[in-house]
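Understanding the architecture of this molecule
Each chain, letter by letter, is given below.
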Amino acid sequence: MDATHAGPTPDAPDTPAAPRIVVGGALVHRGRVLAARRSAPEAVAGRWEFPGGKTEPGETEAQALERELLEELGVRARALTRLPGAWAVRPGLELRFWAAELLAGEPRALKDHDALRWLGPDELDAVDWIDHDRDVLPHVARLLAEGGTAAADGASAAGDAPSAG
């Protein structure tokens, strides 16, 4: 038997690769949060979500969210805190939500969306949310009740995970 075909190599990974992170942003401004209606893909077109997208190699979740909000909405925003929870979107992709504040610009539906709405705390059920985004609504409601600048466990954009508390 040839030793080169005897089995897995010692450096072969035993565990699956870490999932790629997708960030969604609960963009808060003046006591309201921004919802964006998807224009594609067909499976979710017409449903509402918190805008965001995939992290790029070497990018923190906070950096990815700030970049995505600029690309999708044309606004400058600051990622504040990660909200509780994580959702498997599909194999290899994990969705995490962050609270963010609007710094400059007026959001416009530039990419992946055909409509935007600012929703107050009593309007969060007024749109047909994508399922994962609906799951985070209790945390968004709490965020709005707290004034939009504090969230789960006081985490900050300096780290990518909330502190235990």
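Residues numbered from 1 in each chain as written. Predicted model: local features only at pLDDT ≥ 70, side-chain atom pairs only at ≥ 80, totals over all residues. Heavy atoms only, no water.

Before going further, it helps to spend a moment on the layout of surface pockets. Taken as a whole, the largest pocket spans an internal volume of roughly 550 Å³. What lines the largest pocket is a set of 24 residues, among which Val-22, Arg-38, Glu-49, Val-89 and Arg-90 lie closest to the centre. The set of elements that each furnish at least two residues to the lining of the largest pocket consists of strand E1 (20-29), strand E4 (52-54), helix H1 (61-73), strand E6 (87-90), strand E7 (93-104) and helix H2 (131-135). A class-by-class count of the residues in the lining of the largest pocket yields 10 nonpolar, 4 polar and 10 charged. (1 Å grid on protein atoms, 1.4 Å probe; cavity = no way out; pocket = protein on both sides within 12 Å on 5 of 7 lines; lining within 4 Å. Points joined across faces, edges and corners; volume = space filled by probe spheres on them. Helix = DSSP H or I, 4+ residues; strand = E, 2+ residues; numbered from the N terminus. Nonpolar A, V, L, I, M, F, W, Y, C, P; charged D, E, K, R; others polar.)

Right, let's get into the nonpolar core. Counting 24 residues, the largest nonpolar core has Val-33, Phe-50, Trp-129 and Val-140 as its most contacted members. Secondary-structure elements contributing two or more residues to this core are E1, strand E2 (32-38), E7, strand E8 (113-119) and helix H3 (137-145). For Trp-129, the contacting residues outside a window of four places in its chain are Ala-35, Arg-47, Trp-48, Glu-49, Phe-50, Leu-119, Leu-124, Arg-134 and Leu-137. Counting 16 residues, the second largest nonpolar core, distinct from the first, contains Leu-34, Leu-65, Leu-69 and Trp-98. (Core = buried A, V, L, I, M, F, W, Y, C linked by side-chain atoms within 4.5 Å. Buried < 20%, exposed > 50% of the residue type's maximum accessible area, 1.4 Å probe, protein only. Contact = heavy atoms within 4.5 Å.)

This next bit is on H3. Inspection of H3 places Leu-137, Val-140, Leu-143 and Leu-144 among the buried residues, and these make up the whole buried set. Down the axis, H3 shows its buried residues gathered within 115° of arc, on one side only. Contacts from the buried residues of H3 go to E1, E2, E7, E8 and H2. (Arc of directions from axis to C-beta.)

With that settled, consider the environment of Leu-80. Tracing the backbone shows Leu-80 in strand E5 (residues 76-82). Since its relative accessible area comes to 15%, Leu-80 is described here as buried. Separated by 18 residues in sequence, Leu-80 and Trp-98 place their C-alpha atoms 6.9 Å apart.

Moving on: the environment of Leu-70. Tracing the backbone through its elements, the reader meets Leu-70 in helix H1. For the pair formed by Leu-70 and Arg-108, sequence separation is 38 residues and the distance between their alpha carbons is 9.9 Å.

The next thing to look at is the side chain of His-113. On the secondary structure map, His-113 appears in strand E8. At 2.6 Å, the side chain of His-113 forms a polar contact with the side chain of Glu-49. Those residues in contact with His-113 that sit more than four places away from it in its chain are Ala-36, Arg-37, Arg-38, Ser-39, Glu-49, Pro-51 and Glu-72. (Polar contact = N/O pair within 3.5 Å; in protein donor to acceptor, adjacent residues only side chain to side chain.)

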